[in-house]
Amino acid sequence: MADEDDIILSELDDEELVQQMHDDLYDGLKEEIEEAVNILVERGWTPYDILTKALVAGMTVVGNDFRDGILFVPEVLLAANAMKGGMAILKPMLVETGAPRMGKMVIGTVKGDIHDIGKNLVAMMMEGAGFEVVDIGINNPVENYLEALEREEADILGMSALLTTTMPYMKVVIDTMKEKGIRDNYLVLVGGAPLNEEFGKAIGADAYCRDAAISVEIAKDMIARKHNQMGA
Ligand code: B12
């Protein structure tokens, strides 16, 4: 035990440090995660690599053990909290790119669902790529989305769902937009671990995005195409 307490993060090489971060995330050690993120930043790692290789990869291990009944909600909450500590350090670096404004996105997790880590990551990466992002949080009924889209004069709607029981709610939102005749005013992007391409198509979204990096690529591409169409 004493040995474990004695680990000095800054003395580990990159590979050992990332491995240690996976362990620390698993154990919900927020301060250690924050320290390690700062060390990797100092060593010249890009914020994106730190996010994906250290934090998201570590969270995958947590996810697998949660699925297999080895970890339970309290432990996963601690892990999520530690992950958020690391993400908070990276956020200004991801956002501070000085990229030109690309468009505005309203993003939120659907009704009945309180998972927000993936959504927050997408929001950060989109901001970093020059999009303006309005995050309406978790557990959103259709009214929240519609109200925010109108108020913010947004170009893109992003919906997140992590549960098989909440993902069908995305269709409720899209169908309501159709009923109101506003569906085509927005690009609708959907994401979350249980979704796939087919599901995205079936509910009438413009795209399903597997991860935050792909979300940025797809959004950029679609906004550019929309502008070109309008110009033609
Ligand atoms: C952390 C976590 C929790 C935390 C959430 C903390 C928080 N603040 O978010 C807590 C402990 C609260 C929790 C609770 C529950 N959870 Co949970 N949770 C997870 C876990 C381990 C990780 C999710 C995560 O953050 N992943 C990391 C992020 C970065 O990945 P991501 O969310 O997939 O996001 C990426 C992409 O999907 C995409 N993306 C995501 N959203 C969006 C949105 C847009 C617009 C775009 C473009 C892209 C995009 O980009 C993201 C970044 O790359 C997953 C396991 C897993 N494998 O997903 C289970 C998991 C999702 N949970 C699960 C369950 C069952 C629950 C509970 C019902 C447990 C319970 N019995 O109470 C509750 C539900 C509470 C509720 N009503 O929502 C199941 C769902 C199973 C299912 N088939 O529906 C999973 C899959 C675990 C499992 N294998 O059993 N959970």
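- An unreviewed UniProt entry annotates the chain as 5-methyltetrahydrofolate--homocysteine methyltransferase of Rhodobacter aestuarii.
- Quoted straight from UniProt, the Sequence similarities (unreviewed entry) entry for the chain says "Belongs to the methylamine corrinoid protein family."

### Quick look at the environment of arginine 183
Here is step 1 of the chain: Mapped onto the secondary structure, arginine 183 falls in the loop between helix 8 (169–179) and strand 4 (187–191).
Here is step 2 of the chain: Along the sequence, arginine 183 and leucine 29 sit 154 residues apart, while their C-alpha atoms lie 43 Å from each other.
Here is step 3 of the chain: With residues up to four places along the chain from it excluded, the contact list for arginine 183 reads Ile174, Met177, Lys178, Val188, Gly204, Ala205 and Asp206.

### Considering the site of the ligand
Here is step 1 of the chain: In the vicinity of the ligand, 34 residues are found, and the nearest of them are Ile114, His115, Asp116, Ser160 and Thr164.
Here is step 2 of the chain: Threonine 164 places a polar main-chain atom, nitrogen or oxygen, 2.8 Å from an oxygen atom of the ligand.
Here is step 3 of the chain: Sorting the residues of the shell around the ligand by element identifies helix 4 (47–67), helix 5 (73–95), helix 6 (117–128), strand 3 (156–160), strand 4 and helix 10 (212–231) as the ones contributing at least two each.
Here is step 4 of the chain: The residue makeup of the shell around the ligand, split by class, is 18 nonpolar, 10 polar and six charged.
Here is step 5 of the chain: Viewed by domain, the shell around the ligand spans two of them, domain 1 (9–97) and domain 2 (104–231), each represented by three or more residues.

### Section: the coordination of the cobalt atom of the ligand
Here is step 1 of the chain: In this structure, the cobalt atom of the ligand receives exactly one donor atom from the protein: His115 (NE2), at 2.2 Å.
Here is step 2 of the chain: By the secondary structure assignment, histidine 115 is in the loop between strand 1 (103–109) and helix 6.

### Focus on the domain arrangement of the chain
Here is step 1 of the chain: The domains assigned to the chain are domain 1 (9–97) and domain 2 (104–231).
Here is step 2 of the chain: Once you take the C-alpha centre of each, domain 1 and domain 2 turn out to be 26 Å apart.
Here is step 3 of the chain: Taken together, the contact pairs 12 residues of domain 1 with nine residues of domain 2.
Here is step 4 of the chain: Taken together, both faces of the contact between domain 1 and domain 2 bury some 1,000 Å²; the carbon and sulfur share is 76%.
Here is step 5 of the chain: Counting across the domain 1 and domain 2 interface gives one salt bridge.
Here is step 6 of the chain: For lysine 84, the salt bridge identified is with aspartate 116, shortest N-O distance 3.1 Å.
Here is step 7 of the chain: Joining domain 1 to domain 2, the criterion identifies one residue pair in polar contact (both at pLDDT 80 or more).
Here is step 8 of the chain: Counting residues per element, the side of domain 1 that touches domain 2 draws most heavily on helix 5, at seven residues.

### So, the environment of alanine 129
Here is step 1 of the chain: Residue position: alanine 129 is located in the loop between helix 6 and strand 2 (131–135).
Here is step 2 of the chain: Overall, the relative accessible area of 12% leaves alanine 129 in the buried class.
Here is step 3 of the chain: Each C-alpha atom, one on alanine 129 and one on methionine 170, is 25 Å from the other, the two residues being 41 residues apart in sequence.

### A look at a nonpolar patch on the surface
Here is step 1 of the chain: On the surface, Phe66, Val73 and Leu77 cluster together to form a nonpolar patch covering roughly 290 Å² of accessible area.
Here is step 2 of the chain: Relative to the helices and strands, leucine 77 is located in helix 5.
Here is step 3 of the chain: Judged by its relative accessible area of 58%, leucine 77 is exposed.

### Concerning the pairing of strand 3
The side chains of a regular strand alternate, first on one face of the sheet and then on the other.
Here is step 1 of the chain: The buried fraction of strand 3 is high, at five of five residues.
Here is step 2 of the chain: Bridge count between strand 1 and strand 3: five bridges; the pairing is parallel. Considered in strand 3, the bridge of threonine 109 is made with serine 160.
Here is step 3 of the chain: Direction of pairing for strand 3 relative to strand 4: parallel, over a ladder of five bridges. Bridge assignment links serine 160 to a residue of strand 4, and that residue is glycine 191.

Conventions we followed
Residues numbered from 1 in each chain as written. Predicted model: local features only at pLDDT ≥ 70, side-chain atom pairs only at ≥ 80, totals over all residues. Heavy atoms only, no water. UniProt positions renumbered as here; feature names shortened; annotations may be inferred. Helix = DSSP H or I, 4+ residues; strand = E, 2+ residues; numbered from the N terminus. Contact = heavy atoms within 4.5 Å. Near = heavy atom within 4 Å. Polar contact = N/O pair within 3.5 Å; in protein donor to acceptor, adjacent residues only side chain to side chain. Nonpolar A, V, L, I, M, F, W, Y, C, P; charged D, E, K, R; others polar. Domains from an automatic or database assignment. Donors = N, O, S within 2.8 Å, 3.2 Å for Na, K, Ca; no water. Buried area = accessible area lost by both parts, 1.4 Å probe. Salt bridge = Lys/Arg side-chain N within 4 Å of Asp/Glu carboxyl O. Buried < 20%, exposed > 50% of the residue type's maximum accessible area, 1.4 Å probe, protein only. Patch = residues over 30% accessible without salt bridge, like charges linked within 9 Å, V, L, I, M, F, W, Y side chains within 5 Å. Areas by Shrake-Rupley, 256 points an atom, 1.4 Å probe, with all protein chains shown as cover. Pairing = 2+ DSSP bridges.

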